[in-house]
Amino acid sequence: MTTKDIDENVRADLNRLRESIDNIDAAVVYMLAERFKCTQQVGHLKAEHQLPPADPAREARQIERLRHLAESARLDPAFAEKLLNFIIAEVIRHHETIAESVPPGDG
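Residues numbered from 1 in each chain as written. Predicted model: local features only at pLDDT ≥ 70, side-chain atom pairs only at ≥ 80, totals over all residues. Heavy atoms only, no water.

A. Main features of the overall build of the chain. Each helix and strand in the chain was counted, giving three helices and zero strands. Listed N to C, the secondary structure of the chain is α-α-α in terms of helices and strands. Here the C-alpha atoms of the chain give a radius of gyration of 20 Å, more than 25% beyond the 13 Å that 2.2 N^0.38 yields for 107 residues. In terms of its C-alpha atoms, the chain occupies a principal-axis envelope of roughly 70 × 30 × 20 Å. Each of the 107 residues in the chain was classed as buried or not, and the buried ones make up 19%. Once local pairs closer than 6 in sequence are excluded, the contacts in the chain between residues at least 24 apart make up 57%. For the chain, the accessible surface area stands at approximately 8,300 Å², while carbon and sulfur atoms represent 59% of it. In the chain, which carries 14 positive and 19 negative side-chain charges, the distance between the mean positions of the two groups comes to 3 Å. (Helix = DSSP H or I, 4+ residues; strand = E, 2+ residues; numbered from the N terminus. Rg over C-alpha atoms; globule rule 2.2 N^0.38 Å. Buried < 20%, exposed > 50% of the residue type's maximum accessible area, 1.4 Å probe, protein only. Contact = heavy atoms within 4.5 Å. Areas by Shrake-Rupley, 256 points an atom, 1.4 Å probe, with all protein chains shown as cover. Lys, Arg positive; Asp, Glu negative; His and termini not counted. Charge placed at Lys NZ, Arg CZ, Asp CG, Glu CD.)

B. Inspection of a positive patch on the surface at higher detail. A grouping of Arg35, Arg58, Arg61 and Arg65 is seen on the molecular surface, where their side chains present a positively charged patch. For the positive patch, the element with the highest residue contribution is helix α2 (residues 56-72), accounting for three residues. Tracing the chain through its elements places Arg35 in helix α1 (residues 8-48). Exposure remark for Arg35: the relative accessible area of 30% places this residue in the partly exposed category. (Patch = residues over 30% accessible without salt bridge, like charges linked within 9 Å, V, L, I, M, F, W, Y side chains within 5 Å. Salt bridge = Lys/Arg side-chain N within 4 Å of Asp/Glu carboxyl O.)

C. Representation of the pattern of salt bridges in the model. In the structure shown here, the tally under the stated rule is five salt bridges. The partner of Arg16 in a salt bridge is Asp13, with the nearest N and O atoms 3.7 Å apart. Note that Arg16 and Asp13 are positioned in helix α1 at a spacing of three residues, about one turn of the helix. By relative accessible area, Arg16 is classed as partly exposed at 47%. A salt bridge links Arg67 to Glu81, with the shortest nitrogen-to-oxygen separation between them at 2.6 Å.

D. Spatial organisation of a nonpolar patch on the surface. A cluster of nonpolar side chains, Ile24, Val28 and Leu32, forms an exposed patch at the surface whose accessible area comes to about 240 Å². Leu32 sits in the partly exposed class, given a relative accessible area of 30%.

Here it is in structure tokens:
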């Protein structure tokens, strides 16, 4: 069965829900873009002051915080942790790249 073979009411519901999902996906992308703008600034600040790209203590606190938020939102905390770990890895990669671009002694 394809979506063209289903009842019009069901198709309308699917379209409405999919439009909402598309809007949420767009919001997520824009929120991630804003987050990365902030983390880029953090990366420049760290590089200028010769701070390490990673901050394991902060990362652990953030993971724990996000797990609690996920639980209260009824989202799988393990999924939320995997997502944050993926984002953190990307942020650290950006920070390392930024640190490599700052000449020694400019901090």
